[in-house]
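Spelled out from the first residue to the last, the chains are:
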Amino acid sequence: MTAVRSSAALGAAVLAVGAIAGTAAANENAAAAAPTFNGEVGRILYENCASCHREGQVAPMSLTSYQEARPWARAIKTKVVSREMPPWFADPRFGKFKDVTALSQEDVDAVAAWADGGAPQGDGPAPELPEFAGDWLHERPPDYVVEMPIEVELPAQGEFDYLDVWMEFPFEDDVYLEAVQMRPGNPAVVHHAGIFTRPMPPGTRLGLEQVQPTAQLIPQPVPINPNEDPAVKLARREAAREFTPDAQLIFYRPGGGFNRFPEGTAKLVYAERNLEFQMHYSLTGRPETDRSVAGFWFARDTPRRRMLTVGSGEFGGTGPVRIVEGEEQLELQAGTGFTRTPNIPPHADDFRITGIWPIQDDITVYGVWPHMHFRGKDMTYIVVWPDGAEETLLHVPNYDFNWQIEYDFIEPLKVPAGSTLKTVGHFDNSIRNRYNPSPDREVYWGEQSWDEMFFIFTKYTIDKEDLTKRTSN
Ligand code: HEC
């Protein structure tokens, strides 16, 4: 039994779902052949869109009834045909992924024909709204729920992007987690977030606000400033060194946030670590608050392997990583974290970086999550097998920072020692990139979205590991 050090009171998050009533007459003028809302389009929208497009969620409008969807018919067609909605960016030629959110061509055609045919409601009963996963996604309630120690107050507008909230880890012993879920307190503002367990980086300011005896809030190691002195930035980078492959517990983005680790694997969390909520917020134009929570499910048996996460690209877990920027080559030491990243020159419109991760032990790769910021353009993940043959695992031709999508393989991939995982990405720091806040700036590594990052987070296990033989620390 795991001893609980402090019991954080958790206010029940009540999800108010307004009852939807309404009967609009079917559009008499609808082309006879056009698909109808009640016929099939409603089902497509409810199953693929309404998880985000409903009251209190991240999307700007609700699509949970014919009346709500009807005025958006043209826009829906445009976004669906261009495949901007629902968000899914993997080139379908590579990789076989779980939970693909891309619509089938049939569904795209049906939605387009519906809009073109005057967006009729059709006869018969409206389709039923599915149950939404506002709750815990494991079949049993979490064994432990931890709430962010503070309620974050967000201004209506301005620069407020990234925030760290640190807590003491609530258990006295190391724990194995078979599943972790993060639930945003306020889904409208949590753009994406990560929960990490790691020692608090040296130089981090503590105790700005002492909310619980065991928890402190740290808004920023250094003030938010897009024109920050590079020396200060370097110091901050150094402070982030403790991002070892066992640090990341879970990553949240709209539509995500739940990980159940495959049979025989688990997250191992060391009792002496701190818990870090790393929050990326978007502002809504109104003052908002957020207090996100995480649910933990303890593994019933000692797993064999740790589920690890490495940011392949900038640094690697099991060996030295080389980052190649144009002509320049840099050696990074394993596990040292973010020691050096690209400085992208002003106005560069196609700046390439290649990250090399030589695989030194046989590993199994479960999923990948490409991560760049505003200037990210594209990313490709390639395995170079020991015989030199290359295979593309993931290709994201149009990287969009707004959508932090995780791609989990249907079949975990065995990558033997002697292989290399190669990440190739391009950045657009030119004025043509509509997200670029300052094309005439050199861009450094940093957590803020106006700085850059470059990795494909890779979820993997080390095949030879056997935790059942581990003597407790
Ligand atoms: C994972 C969450 C998510 C899913 C799933 C999703 N959307 Fe969206 N959608 C958003 C967000 C957030 C925005 C606003 C930001 C943007 O435009 O990128 C948006 C914007 C839109 C817009 C543009 C609205 C405007 O103001 O012009 C349309 C149209 C749209 N979505 C339709 C759909 C349809 C149709 C589906 C399903 C086939 C869908 N979306 C699925 C989150 C989602």
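Up top you'll find the structure we're talking about.
An account of the accompanying structure is given in this report.

1. Describing the site of the ligand
Close to the ligand lie 19 residues; C49, C52, H53, P60 and M85 are nearest. Note that a nitrogen atom of the ligand is positioned 2.7 Å from one of the side-chain N or O atoms of H53. The leading source of residues in the shell around the ligand is helix α3 (residues 73-81), at four residues.

2. Here's the deal with the coordination of the iron atom of the ligand
Around the iron atom of the ligand, the donor atoms from the protein are H53 (NE2) and M85 (SD), and they sit 2.0 to 2.3 Å away. Viewed at the metal, the six donor atoms of the iron atom of the ligand are separated by angles of 85 to 179°, and the geometry they form is octahedral. Of this pair, H53 sits in the loop between α1 (37-48) and α2 (66-69) while M85 sits in the loop between α3 and α4 (105-116), and the two are 32 residues apart along the sequence. You can call H53 buried: its relative accessible area is 11%.

3. Concerning the pattern of salt bridges
Evaluation of the coordinates by the stated rule reveals 24 salt bridges. For E276, the salt bridge is made with R198, and the minimal N-O distance between the two is 2.7 Å. Of this pair, E276 sits in strand β11 (residues 274-281) while R198 sits in strand β5 (residues 190-198), and the two are 78 residues apart along the sequence. Of the residues examined, E276 reaches a relative accessible area of 0% and is grouped as buried.

4. With respect to the sheet that holds strand β15 (residues 308-312)
Judged by pairing direction, the sheet is antiparallel, and its four strands sit side by side in the order β15-β24-β19-β22 without closing on themselves. In the strand order of this sheet, the two ends are held by β15 and β22 (407-415), each with one partner. When strand polarity is set aside, the average angle formed by the axes of neighbouring strands in this sheet is 30°. Bridge analysis of strand β19 (residues 363-371) against β22 gives five bridges, and the strand direction is antiparallel. What sits directly across from V368, in β22, is Y407.

5. Description of the packing of aromatic side chains
Within this structure, the stated rule accounts for 19 aromatic pairs. Here the aromatic rings of Y144 and F171 are separated by 4.8 Å at their centres, their planes lie at 70°, and the arrangement is edge-to-face. On the criterion of sequence distance, the pair formed by Y144 in strand β1 (residues 144-147) and F171 in the loop between β3 (162-168) and β4 (175-183) is long-range, its members being 27 residues apart. A relative accessible area of 0% places F171 in the buried class. The interplanar angle of 85° and the centroid separation of 5.1 Å between the aromatic rings of F374 and F401 together place this pair among those described as edge-to-face. Of this pair, F374 sits in the loop between β19 and β20 (376-384) while F401 sits in the loop between β21 (390-396) and β22, and the two are 27 residues apart along the sequence.

Conventions we followed
Residues numbered from 1 in each chain as written. Predicted model: local features only at pLDDT ≥ 70, side-chain atom pairs only at ≥ 80, totals over all residues. Heavy atoms only, no water. Near = heavy atom within 4 Å. Polar contact = N/O pair within 3.5 Å; in protein donor to acceptor, adjacent residues only side chain to side chain. Helix = DSSP H or I, 4+ residues; strand = E, 2+ residues; numbered from the N terminus. Donors = N, O, S within 2.8 Å, 3.2 Å for Na, K, Ca; no water. Tetrahedral: all angles 85-135°; square planar, octahedral: opposite > 155°, others 65-115°. Buried < 20%, exposed > 50% of the residue type's maximum accessible area, 1.4 Å probe, protein only. Salt bridge = Lys/Arg side-chain N within 4 Å of Asp/Glu carboxyl O. Pairing = 2+ DSSP bridges. Axes fitted to C-alpha atoms, helices over the stretch in contact; angles between N-to-C directions. Phe/Tyr/Trp six-rings, centres within 6.5 Å; stacked < 30°, edge-to-face > 60°.

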